[in-house]
Each structure stands twice: as C-alpha cells, then as structure tokens.
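# Working through the structure, step by step
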Amino acid sequence: MSVRHLASLRSIGGSHRQPRQLKSNALLARARVVRPFKMTVLSESVQFHSPSLAYETQPPVQNVERMLSVVVSSHHNQLTAIADVWLSEGASSFSIWQRGQLLRSWPAVPGDTREVMLTVPICIDENIVGELRVSGTNGSKQAARLAADADLVAALVKLEDELTLMTAELVNSQDQQVALYRLTRSMSGMVSVEETLNSLLCEAIRLSHASGGYVVFMPASGAPLVLHRPEVMLSEANIWQCFWQAQMDEQEIIVTPTDRSGTRLALAEVPNMLFIPLRTRGVVNVGLGLLKPVHESFSNPDIKLMRAICDHASAQVEKALLYQESFEQARMRTEMELARRVQLDLLPRHLPLVPGLDIYAHTRPAMHVGGDFYDFIQHARRPFFFTVGDVTGKGLSAALLMTMTRTAIHSKASFMPDPTPETVMRQSNADLYDDFTQVGVFATAFIGQYLAAERRIRYANAGHSPVIYRPREGPATMLRADSTAIGVLPASSSRNYTLRITEGDLLIVATDGFSDARDHNNERFDYDRLLALTEEVAQRSAREIVDAIYEAVDTYGSGRPQDDDQTILVIKGASL
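Given the structure is predicted, the values throughout are model-derived calculations rather than measurements.

### Regarding the packing of aromatic side chains
This model, assessed by the stated rule, comprises 13 aromatic pairs. Pairwise contacts between aromatic rings join Tyr374, Phe376, Phe384, Phe386, Phe446, Tyr459 and Tyr497 into one cluster. Cation over ring: Arg133 sits above Trp97, and NZ or CZ is 4.0 Å from the ring centre. A cation over a ring is seen here: Lys292 above Phe298, with NZ or CZ 4.7 Å from the ring centre.

### Examining the pattern of salt bridges
One side chain can pair with another of opposite charge once the charged atoms of both are near each other. For the structure on display, the rule yields 17 salt bridges. Salt-bridge contacts for Glu473 lead to Arg472; the nearest nitrogen and oxygen are separated by 3.1 Å. Judged by relative accessible area, which is 44%, Arg472 ranks as partly exposed. In this structure, Asp516 and Arg524 form a salt bridge, with 2.5 Å as the shortest nitrogen-oxygen distance.

### Comments concerning the nonpolar core
Burial of nonpolar side chains together is a common tendency in soluble globular proteins. Among the nonpolar cores identified, the biggest contains 44 residues, and Phe386, Ile457 and Leu507 are the most heavily contacted of them. Ignoring any residue separated from it by four or fewer positions in sequence, one finds Ile457 in contact with Phe386, Gln449, Tyr450, Tyr497, Thr498, Leu499, Ile501, Leu507 and Ile571.

### Here's the deal with the environment of Ile303
Secondary-structure assignment places Ile303 in helix H7 (residues 300–346). Residue classification places Ile303 among the buried residues on the basis of a relative accessible area of 3%. Residues Ile303 and Glu252, spaced 51 residues apart in sequence, show a C-alpha to C-alpha distance of 9.6 Å.

### Digging into a nonpolar patch on the surface
A contiguous nonpolar patch, built from Leu159, Leu163 and Met166 and spanning about 250 Å² of accessible area, is present on the exposed surface. Looking at the element boundaries, Leu163 is found in helix H4 (residues 140–188).

### Concerning the sheet that holds strand S4 (residues 93–98)
With respect to topology, 4 strands assemble into an open sheet ordered S5-S4-S7-S6, the strand pairing being antiparallel. Where the open sheet ends on each side, the last strands, each with one partner, are strand S5 (101–106) and strand S6 (117–124). The average angle at which neighbouring strand axes cross in this sheet is 20°, direction not considered. In this structure, S4 lies alongside S5, joined through 5 bridges in antiparallel fashion. Bridge pairing in S5 places Ser95 opposite Ser105.

### Focus on the pairing of strand S11 (residues 272–280)
Of all 9 residues that make up S11, 8 are buried, and the element is covered over most of its length. The sheet contact formed by strand S10 (residues 252–255) and S11 spans 3 bridges and is antiparallel. Of the residues in S11, the one forming a bridge with Val255 is Met273. Once S11 ends, the chain turns through 2 residues before running back antiparallel as strand S12 (residues 283–292), passing Arg281 with a positive phi of about 55°.

### As for the sheet that holds strand S21 (residues 506–510)
Read across the sheet, 5 strands follow the order S13-S22-S21-S18-S19 without closing on themselves; strand pairing throughout is antiparallel. Pairing within the sheet leaves two strands with one partner each, and these edge strands are strand S13 (357–364) and strand S19 (477–478). Summarising the sheet, S13 and strand S22 (residues 566–573) pair through 8 bridges and their orientation is antiparallel. If you follow Thr363 over to S22, its bridge partner there is Thr567. Lying over the sheet, helix H11 (residues 526–537) contacts strand S18 (467–470), S19 and S21, oriented at roughly 35° with respect to S18. Across the sheet, helix H12 (residues 542–557) touches S13, S21 and S22, and the angle it forms with S13 is around 30°.

### A short note on the side chain of Asn285
For Asn285, the position within the fold is in strand S12. For Asn285, a relative accessible area of 10% puts it in the buried group. Here Thr280 takes part through its side chain, which lies 2.5 Å from a polar atom of the side chain of Asn285. Among residues more than four places away in sequence, those in contact with Asn285 are Val216, Phe217, Met218, Phe243, Leu278 and Thr280.

### Details of the environment of Val388
By the secondary structure assignment, Val388 is in strand S15 (residues 384–391). For Val388, a relative accessible area of 0% corresponds to the buried category. Each C-alpha atom, one on Val388 and one on Ile568, is 7.9 Å from the other, the two residues being 180 residues apart in sequence. If we skip the residues at most four places from it in the chain, Val388 touches Phe373, Tyr374, Thr444, Ala445, Phe446, His464, Val509, Thr511 and Leu569.

### Let's talk about the packing of H11 against H12
Packing of H11 against H12 brings their axes to within 10 Å, and their N-to-C directions diverge by 140°. Our classification of the angle between H11 and H12 gives oblique. As for how H11 packs across H12, the hand of that crossing is right-handed. In this structure, H11 contributes Arg529, Leu530, Leu533 and Val537 to the contact, and H12 contributes Ile545, Ala548, Ile549, Ala552 and Tyr556. Its residues assigned to classes, the contact of H11 with H12 comprises 8 nonpolar, no polar and 1 charged.

### Let's talk about the environment of Ile568
For Ile568, the position within the fold is in strand S22. Taking the C-alpha atoms as reference, Ile568 lies 5.6 Å from Ala361; in sequence the two are 207 residues apart. Residues within four places of Ile568 in sequence aside, it is in contact with Tyr360, Ala361, His362, Ile508, Val509, Ala510, Phe514, Val546, Ile549 and Tyr550.

### Looking at the confidence of the model for the protein chain
Confidence in the prediction for the protein chain averages 80 pLDDT; 81% of positions are at 70 or higher. Below pLDDT 50 for its whole length, residues 1–59 participates in 96 contacts with residues either more than four positions away or in separate chains. Low pLDDT, under 50, characterises residues 259–263; the predicted model gives this stretch 8 contacts beyond four residues in sequence or across chains.

About the thresholds
- Residues numbered from 1 in each chain as written.
- Predicted model: local features only at pLDDT ≥ 70, side-chain atom pairs only at ≥ 80, totals over all residues.
- Heavy atoms only, no water.
- Phe/Tyr/Trp six-rings, centres within 6.5 Å; stacked < 30°, edge-to-face > 60°.
- Lys NZ or Arg CZ within 6 Å of the ring centre and 35° of its normal.
- Salt bridge = Lys/Arg side-chain N within 4 Å of Asp/Glu carboxyl O.
- Buried < 20%, exposed > 50% of the residue type's maximum accessible area, 1.4 Å probe, protein only.
- Core = buried A, V, L, I, M, F, W, Y, C linked by side-chain atoms within 4.5 Å.
- Contact = heavy atoms within 4.5 Å.
- Helix = DSSP H or I, 4+ residues; strand = E, 2+ residues; numbered from the N terminus.
- Patch = residues over 30% accessible without salt bridge, like charges linked within 9 Å, V, L, I, M, F, W, Y side chains within 5 Å.
- Areas by Shrake-Rupley, 256 points an atom, 1.4 Å probe, with all protein chains shown as cover.
- Pairing = 2+ DSSP bridges.
- Axes fitted to C-alpha atoms, helices over the stretch in contact; angles between N-to-C directions.
- Polar contact = N/O pair within 3.5 Å; in protein donor to acceptor, adjacent residues only side chain to side chain.
- Parallel < 35°, antiparallel > 145°, perpendicular 65-115°, else oblique.
- Left-handed = near helix turned anticlockwise from the far one by under 90°.
- Nonpolar A, V, L, I, M, F, W, Y, C, P; charged D, E, K, R; others polar.
- pLDDT = per-residue confidence, 0-100.

What follows is the structure, encoded as structure tokens:
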C-alpha cells in the first residue's frame, strides 16, 4: 500500500473521531463539578484558585486504553458480529490492536501480514487508543466502513469509561452519605463544642485514613481550644500559624513534602497536611488539620469527603454554641432570680408600727436586681431610724454595692451609742469611701430619725433627691441635700436638720427613677410634676400615695421600659 493511500485512509478515520451522537448528557459524567471553594496547594509545583465553576480534566489516556481491553472482553458478541460481516464479504481477518499488541482476532489466527491490509485508528478525544485491521480487502468504501467501525468501538470504549466514572462517583457519594450519617449519629447527643469538635476530629481521621490530626476553635470570647489526636504531632506555633493563614485567606491549605521554601508555613515537622477552615456564624473560627506520612497523600476523594464533613460539622458546632449560650442564659436567669430574692430578703419584710406615723414603702428595680434600697432600724429603747439610698448604676454590680451601703448604715444606726443621722452618715461615708473610690461609684442616701416626744423628724441628706415635704397647712417643697453623696469625698459634710411630722404632715423620699422617667417624646417626668402630684394625693394614706405615684409615672411612660430603679418611702403624720 502506498504512503499516499495510507494517509488518505487515516484522514477518513480522523474525520469520524467525534461523532455527533457522542455529544449527549452522558458526556457530562466526565466533567465532575468541583465545589466553588478556593484551594491553595503549597508546593513548588502548583498553586491555583478555582473559579466559581470548574471541571476536572479528563482521565489519563492510560485509563481509556485500559477500557479498550475491557470492551473487547465485555462486548465480544457485538465485535464478533462486525467481524463476521467482514469475513463474509471476502476479508481474510478482522483484528483489534493496541500499541502493536494483538488484543483479539477473527479468525483466532490473524491473516497473512503480507496480504493487503486496511488499518484505521481508534481515537478518543484526539488520542489514539488502538486500531482496527482488516486483511484481504481494499478500497475507499471499505476504508470508510472500517473507520465507521472504529468510531463504533471508540463510542463503546468511551461509554464504558463513562459508566466506570459514574459508578465511582456513585460509590463515592454513597461513602460520603454513610460518613455523614455516622458523623450525625456520633454528634447527635453532644451538647458542648468540645465534644462536637472531638467527634469531628475522630471521624475525619478515620475516614481519611490519616495518621493523626488536630482541631482548633477560636471563640468570640474566652480561651481558644486545641484538640490533638492521637497525640501532639504539630507544635502550637505551627498550628496557629496555619489557622491564621487559612482564616485570612479563607481557603484550604495542602502542604506536601516537596520543596517548601516558597510557602509562608514553616512546617518541616510534617510531610503531608490538609487544613480545612470551618465557618460558623459568618466567620472562620474553627479549623481541621489532618496529617499523613511522606509515602501517603490526600487524594481528591479525600478532600471532597473532608469538605462535606466540615460543612456538616459547621452546623453542628453552631448548634452546640446555641445550646451553650441557651444554657448560660438560663443559668444567668436562675442566678439573677436568686439574687433578686436575696435582695428582697434584705429589705424589711414588714412595715414598722410606729405610733403617730403612717408608713409605707416599695421598690421596683429596672432589672432583676437594682441599686436602690430602703430600710427601717427599730429596736427597743432606741430611736426609730429609716433610710432610702440609691447606688449609681443598675443590675448586679449596683445590687452588690447597695448591700454594702445598706449594711454600713444599718450597723451604725443599730450599734452606735448615741446615733443621729449626721453621725451615722459621717461614719458610713468613712467606712465606704475607700471601696467606692476603688471601683469608681458613689451612693446617695437620706437618713431619718423619728423623735417621738417632739413629733419631729431629724434627718441628714447626702446628695439624695427627690425628697418632698408637704406640711399640713402649706405647699409641697423639695428638701435640698446639704452634702455630697457617700464615697465622693473622704469626709461627709452632712448636718442634722429637723421638720415637723404631726397629723397631716407628709414626707416623701424617692429615688430619681421617678423624676427621670421619660415619655414617648423622651421628656422627663421631672420635679414639677412630682410636686403637683403630691398636692393632688396629699390627703390620702401612705399606701395610696405610693400607689398613685407609681400609677402616674407608668401612665406617663406610655408602656416604655423602665429606665432606672424606682424606690419610694412615704411617712405621714397620724393621730396618736
């Protein structure tokens, strides 16, 4: 056969290399979609960032060539039918070859190689994977027919390859589903972040056949967490260096045993490492690192499986965080409720019965606990004392300081030999000044002492307001403080003052939670409204006055949340 004739036959075969019928959906099985996640391979060979949609390249030519042998074996009947047609039309042999090696011949013994022979390559994606040979016949029609047969064999090889790939994908998908099911089962009963991450680490090591690994967690608050298994295989410095790089780049990291001089990670202590960052609540705060020895590496199925596991684990970590936060909130509510009960127990459980006085008091903290207090000190053969105080701030810290202030005043009024409001205030300020200065707070206080024989009240006022006095025959007026609050200066300048408290006289000692109450326009209730309200309710009993003031302030606020603690003490002169 001439070289010119042989070239024409090869051109005929080449024109059928990509028949239209092969452009079907089955071809998409060759293009496996890679998840849209950037990957950085830290080695001297390759570093790439995949776009939003990327496709893996076709399998190597050797894999397709191996498929030709599979087709020759599995499609023996179809190939025999093709060969029989050629033999019935005068051909002496029909054979399939690969790289100069005979794969199958009809008849079993090939024809004489000196006979006229047609040869057409079997091409797949511009790669020659074998060839068809027919002996004992010649001609352009026969050549074209043999080229069509070669395309048919190529289609069978390609279909077999695609089926193999699809089967591998199905097996891989099933393995991932089983792995995720096992991971879900193992994490289902876990309520802490540490337990969840430990389960993730164990399952990831088992499924990837890694020699070890670690997981890191950087919480929004609190100490970071590092878990190793089975032992510490990487230094803390390299673990966190890897985590910070992955967090900054928001991408996976693969470290290989090749030259690492161009990498930003000095990880000479481990040959192969895969690090996958996990995103929870919108930030990368978890990372999974897996380690393998030098003779092993992380395959694409390993990486895909670890991605799927990490995606699932992110939701489990968020679930554990939510449970932990819910638990902490429930614990905090329990502790605050306990603190509220303790604080209420520190307040007088019963109103004192003092001849000539109608007394009522109430407190309502803005939170569970507050910094306001009122107290009564009543002992046999000692004068009757009462006090109202307000520590700066709200909540638990104010409640603790309130307890200190109340205790200091109560003890001084109870045990000093000849207590007066002035001496009790001065000594309480001396006791509390250092502690209050250290934490940067102060407390206003009003201390009163009832002089029963004189039907008068002696009092001292350390920065407390509002205090309203409304005599029976006169208008309501504000009693001004004559001294700074407790804890502001080392020495208190409080002095004793007196006022009449006969039948019909009225004293109201409240905290600024009333005067500072605001409406929907953010306007304060202020002192003028308190004075006007006092005039309206002055003829009522002490309890009715307290209820009326609370009701007026609540109505003024129009459902707005209470801004500050509200405490009020009303003492009204009564008949003996």
